[in-house]
Amino acid sequence: MHQVQPILPNSYFLPSFFPFGKKKTEPTVLIQRITLPFLAMATPPPFSDSPTISAGDAADLERRVMAAVKASELRGDPPLLRAVEAARCCFSSEFPNADLAVVLVSNLCFEWNTPDMWKLVDQVMANRLVYPPHALALLSSRVISNRKSQPEAYRLYLELMRSYSLSLPLLTSGPSRNKIIKAMDEALQLSSKYGIENLDFGLVIVLFVLNTITNLIDSTLEDFGLPFISKDRNVNESSQLMDIDVKNGSSEKKNELRRNNSLLALEIMENMSSNKKIQISLRLMHLNMPEQFDGLLNRLRFIESHKSTSKILLSSNQILERIFLNMQNAINGQNESKRRGVLEILTRTGSVHSPLSFSNGAGKSGSWISIDIFLENAMDGKTLCPIASFEILTQLTRTLQVVNQASWQETFQALWISALRLVQRDREPIEGPMPKTDSRLCMLLAIIPLCIAKLLKGEKDEIEPSGRQGLVSSLQSLSQFSTLLIPPNSVINAANNAATKAANFVKNGGNNSSNNNVGTMNRNDKSVGSLLHLVVDGCIARDLIDTSAYFWPGYINTNSNLPNNKDNNSSMLMQDNPWSNFMQGAPLTGSLQSALISTPATSVGELEKLNHLALNGSDEERAASSKILCGASLTRGWNIQEHVVRILVKLLSPPLPMDSPVNGAPNHYLTHMHMLNAILSSLSYGDAIHILSLYGVIPEVAAALMPLCEAFGSSPPPPSYKPSNSTGEDASVHSVFSFAFLFLLRLYKFYAPAQEHCVSGRGGPVRQELTLDYLLLMYNSRLNTRTAGAGGSTGLFADSPRQQIYIDSFPKLRAWYCQNQACVASVLSGLSNPSPVHQTANKILNMICRRMNKGGSTGTSGVTSSGTGTGVTGTTSVSSTSSSVSGSSCSEEGMQRILLPAWEVLEAVPFVLEAVLSACAYGRLSSRDLTTGLRDLVDFFPASLATIVSYFSAEITRGIWKNVSMNGTDWPSPAAALHSVESEVKEVLARVGVHIKNCYPRGMPPMLPLPMAALVSLTITFKMDKSSEYTRGVVGQALENCAVGCGWPSMPIIGALWTQKARKWHDFIILSCTRSPFVRDKGAIAQLTQSCFDSFLGTNGHPTNGSAPRGVVGLLGESLSNNKDLRPGFLYLRTCRTFHDTHFLSEVLFKLVIESARKLADEWSLSSSGNNHNVNLKSGRISLATAACSVRQVAILGASLICVAGRGLLVQVLFEETVPTVLLSASEQNSKSGNSNPVRNILEGYSMSYLMFLCSALVWGIGPNSAQYTFGSSERRARLVERYMEFINEVLEGNVVLGCEPATWQAHVSCFVGLVVRFAPGWVKSIKTGVLRKLARGLRGWHECQLALELLELGGPGAIEAVVESLF
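Residues numbered from 1 in each chain as written. Predicted model: local features only at pLDDT ≥ 70, side-chain atom pairs only at ≥ 80, totals over all residues. Heavy atoms only, no water.

### Some words on the overall build of the protein chain
When you go through the protein chain residue by residue, the secondary structure sums to 58 helices and four strands. The buried share among the 1368 residues of the protein chain stands at 59%. Contacts in the protein chain between residues at least 24 apart in sequence constitute 79% of all its contacts with a sequence separation of at least 6. As presented, the protein chain carries roughly 52,800 Å² of accessible surface, and 51% of it is formed by carbon and sulfur atoms. (Helix = DSSP H or I, 4+ residues; strand = E, 2+ residues; numbered from the N terminus. Buried < 20%, exposed > 50% of the residue type's maximum accessible area, 1.4 Å probe, protein only. Contact = heavy atoms within 4.5 Å. Areas by Shrake-Rupley, 256 points an atom, 1.4 Å probe, with all protein chains shown as cover.)

### Some thoughts on the nonpolar core
Counting residues in each nonpolar core, the largest one holds 428 residues, and the members touching the most others are Trp416, Leu747, Tyr1132 and Phe1253. Sorting elements by how many residues they give to this core places helix α51 (residues 1184-1224) first, with 19 residues. In contact with Tyr1132, other than residues within four places in its own chain, are Leu1088, Thr1089, Cys1092, Phe1139, Leu1145, Leu1149, Leu1201, Val1204 and Ala1205. (Core = buried A, V, L, I, M, F, W, Y, C linked by side-chain atoms within 4.5 Å.)

### Re the environment of Arg782
Within the secondary structure, Arg782 is located in helix α35 (residues 772-787). Placed 22 residues apart in sequence, Arg782 and Gln804 show a C-alpha to C-alpha distance of 9.5 Å.

### What about the environment of Ile392?
Along the chain, the position of Ile392 falls in helix α18 (residues 389-404). Ile392 sits 867 residues away from Val1259 along the chain, and the two C-alpha atoms are 9.1 Å apart.

### Things to note about unusual backbone geometry
The linkage connecting Phe95 with the following residue, Pro96, adopts the cis geometry, with an omega of 5°. Take Pro96: it is sitting in the loop between α3 (79-88) and α4 (98-111). In this structure, Arg128 is a non-glycine residue whose phi angle is positive, near 60°. Following the sequence through the fold, Arg128 ends up in the loop between α5 (115-126) and α6 (132-143). Positive phi outside glycine occurs at Gln189, with the angle close to 55°.

### A closer look at the pattern of salt bridges
Counted according to the given criterion, the structure contains 45 salt bridges. The shortest N-O distance in the salt bridge between Arg1158 and Glu1155 comes to 3.7 Å. On the criterion of helical spacing, the pair formed by Arg1158 and Glu1155 is a turn pair, its members being three residues apart in helix α50 (residues 1142-1169). Judged by relative accessible area, Arg1158 falls into the buried class, the value being 13%. Residues Lys1334 and Glu1293 are paired through a salt bridge, measuring 3.8 Å at the closest nitrogen-oxygen approach. Of this pair, Lys1334 sits in helix α56 (residues 1329-1341) while Glu1293 is found in the loop between α54 (1274-1292) and α55 (1302-1319), placing the two residues 41 residues apart along the sequence. Overall, Lys1334 belongs to the partly exposed group, its relative accessible area being 39%. (Salt bridge = Lys/Arg side-chain N within 4 Å of Asp/Glu carboxyl O.)

### Structural notes on the side chain of Glu1361
Topologically, Glu1361 is positioned in helix α58 (residues 1360-1367). A distance of 3.0 Å separates the side chain of Glu1361 from the side chain of Arg177, its partner in a polar contact. Ignoring sequence-local partners within four residues, the contact set of Glu1361 consists of Arg177, Asp200, Phe201, Gly202 and Arg1333. (Polar contact = N/O pair within 3.5 Å; in protein donor to acceptor, adjacent residues only side chain to side chain.)

### Brief notes about the packing of aromatic side chains
Scanning the entire structure with this criterion turns up 26 aromatic pairs. Considering the side-chain rings of Tyr1246 and Tyr1250, the 5.2 Å spacing of their centres and the 70° angle between planes classify their relative orientation as edge-to-face. Residue Tyr1246 and its partner Tyr1250 are both found in helix α53 (residues 1238-1260); the two are separated by four residues, about one turn of the helix. There is no split in this pair, since Tyr1246 and Tyr1250 are both buried. Of note, Lys609 hangs over the ring of Phe582, and the distance from its end group to the ring centre comes to 4.6 Å. (Phe/Tyr/Trp six-rings, centres within 6.5 Å; stacked < 30°, edge-to-face > 60°. Lys NZ or Arg CZ within 6 Å of the ring centre and 35° of its normal.)

### Some words on the environment of Leu1131
With respect to the helices and strands, the residue Leu1131 is situated in helix α49 (residues 1128-1135). We classify Leu1131 as buried; its relative accessible area is 0%. Each C-alpha atom of the pair Leu1131 and Arg1075 lies 7.7 Å from the other, and the pair is 56 residues apart in sequence. Those residues in contact with Leu1131 that lie beyond four places of it in its chain are Leu989, Val992, Thr1074, Phe1078, Leu1088 and Leu1126.

### Notes on the state of the cysteines
Summed over the entire model, instances satisfying the criterion amount to zero disulfides. No disulfide involves Cys89; its sulfur sits 7.1 Å from the nearest other cysteine sulfur, which is in Cys90. (Disulfide = S-S within 2.5 Å.)

### Considerations on helix α57 (residues 1345-1353)
Each α-helix turn comprises 3.6 residues. Residues three or four places apart therefore point the same way. Most of α57 is tucked away: eight of the nine residues are buried. Regarding α57, the residues found buried are Gln1346, Leu1347, Ala1348, Leu1349, Glu1350, Leu1351, Leu1352 and Glu1353. On its buried face, α57 sits against α12 (276-288), α55, α56 and α58.

### Topic: the confidence of the model for the protein chain
Per-residue pLDDT for the protein chain averages 80, and the proportion of residues at 70 or more is 77%. With pLDDT under 50 throughout, residues 754-764 is counted as low confidence; its partners more than four residues away or in other chains account for 27 contacts. Every residue in residues 866-896 scores below 50 in pLDDT, and together they form 93 contacts with partners more than four places removed in sequence or on other chains. (pLDDT = per-residue confidence, 0-100.)

### Concerning the packing of helix α31 (residues 673-683) against helix α34 (residues 733-746)
Following both chains from N to C, one finds α31 and α34 inclined at 40°, their axes separated by 9 Å at the closest point. One element, α31, and the other, α34, form an angle in the oblique class. Here α31 and α34 pass one another in a crossing that is left-handed. Contacts from Met673, Leu676, Asn677, Leu680, Ser681 and Leu683 of α31 reach α34 at Val733, Ser735, Val736, Phe739, Ala740 and Phe743. (Axes fitted to C-alpha atoms, helices over the stretch in contact; angles between N-to-C directions. Parallel < 35°, antiparallel > 145°, perpendicular 65-115°, else oblique. Left-handed = near helix turned anticlockwise from the far one by under 90°.)

### A closer look at the side chain of His672
Along the chain, His672 falls in the loop between α30 (666-671) and α31. Excluding residues within four positions of it along the chain, His672 makes contact with Leu615, Arg622 and Pro654.

### Overview of α58
With six of its eight residues buried, α58 lies for the most part within the structure. Turning to α58, its buried residues are Ile1360, Glu1361, Ala1362, Val1363, Val1364 and Leu1367. Of the surrounding secondary structure, the elements contacted by the buried residues of α58 are α8 (175-188), α10 (201-223), α12, α56 and α57.

Next comes the structure, spelled out in structure tokens:
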């Protein structure tokens, strides 16, 4: 038993209070010879093990103890023997004894308040006959409140506190400990004071420490005349005066003693706060119970605020400063001993502040590669994201800032450079159907500033000064990247305007009154602008910086020779601002409307006026204002773009009358038909949908489109209805429905082939696709979040009162949705003749067949919708035309006969398709007539394109249709371009390190399955102008998906046909074809991922340059102007969604990271041993820290590629299957070589830990609740981490035998736990306390005691007891 020397001397310095005589002090080691034999003589009664005793037993115990003490005093026994005599009277033989402490302290205060009694209490505490914290707790409740009247007793109490508060011994489990816990709680009222129930030993100890320091601060402040008043405390609360004999004490001496007591209390607080164990106890409260700890912080703030005005506090300034410093160290954990092992050094090496972070591997930018990958992946418009890009980017940047230990300047500079690279990469884009320049500029000039604003504000509403200064420094540093600041041609005028605005501002001495209108500027005052001017202008518009940026050195470059945009002459700078005329009341004539469409708005007020006109103006004003909102204000109004998005989405749901149902009234929507038609038609072109996706409003758009589809699809067209062109100029119920319906289907993968639900190892593709149900769930979830008081995912609709949306509220839409899913999943069931759907199908067949008959007849074949079974085939007279498919629309006479609601037409279309496809398969309908009929159906009713895509996609996947020859007679022939397309695809793939065989076998005529041939023949009839862009947006991705998912090699044939159709899209088509080999060829996937790692590290060589590009440039490239510059990382981002085997991809990426670590370790071993003859100088050798930096960057790359491909699904596979499998299996390298390299083993474990940690952090964030904006939840992350910790415990306990090297395992566990503790402490609270205890025990077995302690500190209130037990 550990012994503590008594603190009270036999001769005390207060003779007026305690006239002690000098006696020989007994050594405390006598307790071993005296106490135990005497205690053994005592026979406890039967109730000795009871945690509590009755009132009668307590009185009897008090009588016996005090009698024994009095008898011992009369005999003149030393204090030690008196303590033994008192202990013999206890009913229990277990010590420390709570009842003995209560008896002694209660009589000391104050019936037996004598010097000998104080010495006796000192002895029983020193020899652990009573538990010192319990005795101090009992004394605190009695002495502190009476310190003014009895300063001598308070001084003795402080002396006891000075010694015993720093040594808090551990209590073994049992009734005695439980009784002491309860007694301390009752003495200090901990449960009621701190609002905690079910106190355990650990909580009692840390609360005792916190309560002691708080009481000392309160008493000292009150003694100094600065009482601290709070809600839970009043001055002189429960104060009682002690009736003690003070005849020998003078008031002067008492006052001096009181002053000395206050100073001693400060010294005790300093001693306690500097003690490591006390600091850890305080840190436990700060981490796990911040609300309770705030009381102490408020007192410290109170002292700091009054220190300058109080002479007493000023005189104690030094000791107060030490107390503040100790408290700060306790909160930050700075006084904890640091681990100095190899892993600790390697873990700290990854900071971007280290010079080694950019002298090796992928360079300094390699630490931020995740941002570049995210930005480039967000530009792929094939899959829309329902979460705002700036929300995901904010979480990603916070994670990387913490992991990289970067400053604000470094963080913001990485963001700006990544976004500038994104724009420059597509500065001269490959010409194709879907331009992305506006989306890339939106990311740079709108999304990044919004992300920075969220980063700077954090949880507060104000921007931190340090963050703002970091932003300014990062913007000023961008001037050194001149090549990245060259604006694309489309924004040269905008950049020049921003530069000229700054120049005039400076010229006018900072007066902004004349700079609102660019038209007032003199031509000679124009300045050369760059992307930096647009970036700074955007930051100023969002109040991130002020206009002092205009005065930065070198910011303004005046030059009369401005580069002109080839499309918009720079003379536009001299024209009057059309928005000024509009705000002054000018009518929306044709010229003004065109000017407003091409010129972005500059203020929210202008947008609000357009919004008012769109809702309340005439039909012409509604259409015009809607088109203006969808023009340049949406695509290039970066400073107010989020407001444009908000207004447009709200306009899609025009205000309903108070008595209208939630699903909308058709008549109400019909009144807004012109406005809705203009918005929907305008949003269907260009980058509009993609820009909406970047702002995360896809769920809101889907919820707005559903009632529109229900309303307009249920209304029949008027008798005068004629199919209009697809430009959206003429509004009708069918045109609005077609635009709204196709718009809705572009938001998710509506055709979803059955193959994608069965090929994957986990029942789905690597990346889970959006569904309409998921979009509605997310929309309703955001409504609940906003109702609860939060701003929602994007914060754009916080002020918009909306109701939840369910698909059951729209019966027509729900019926089609179910029919479409049934069409995808299985073949159609037959129809009986009396069915209304049968009649509608016959009308449609008659309409498209009449068009065929008008072309001239050379023979007849039958097509009708009669009969039953799986098909709808029969006999009716139809001619086969020899004319080519021109894409012209049907005759007006045929079209006007079908005046049915859109939903009725859509319901019949699948049966029409089955009829014509079956007729073609059996030779009763020619291929040309089939294509002509399909095109006429699309021209008459564009919404039918959705059903055509769904039906043909499903039939292609089923594989039950025969192949047809693409010979140029029956079907279009790709022969002229097929082999050249294949050759170019192979060349492009070879440049990125992927070598494949010919996709299509040589010598075999081109063939396609019949549904595929029909679908591709239909697509090549579409025009290449803007009017067909929205239909291509629906069918293009579906056609590519069907091609890559078809069992027959179809993509080369489709590419060849489209190359012949659209020669200017040649490079785009070739790039699309390069994605097809990765669907089934695992070897191609492995080669591509290997090439990504090689290009990132710069180890793949370059045919024209001795030093290969590395880092971001090596991975993603600098330009996408042609396929020759294609880089493996870009191709990976465009193909990873087609990967189906999750286990394979996870295993490949994991092994590549491990293999890279092994290579770097071998290089270090070779260079350090001197066996490498190519490295003769020390400067040419790599250090271990350099190798560790490269390993860390490789892990960041691997984690980024995993997250972008499969997000939470792949991370789950990695944690649950890939990593455990590799750890359980023997290393092939070690088994071959027969020996292990320690450094290689350590770096393997290091890379493994970083990969796992970063994967989870990039997907779900590092905060406890940061996963709310991602695909998944913090609960999913918590389950993964906890299960993996349980797996670690199973191995540590010997229940699981590993096959890897022990050094690899130890390095992996230590590093992984260290990363979680340092960078993601919020994760630890979600892990069960039992799991943390076992893990900490295993770490201590490896002498990682500090890491084990830090882990337990973060475990929440349930782990406090484990920390305390490990400390004391």
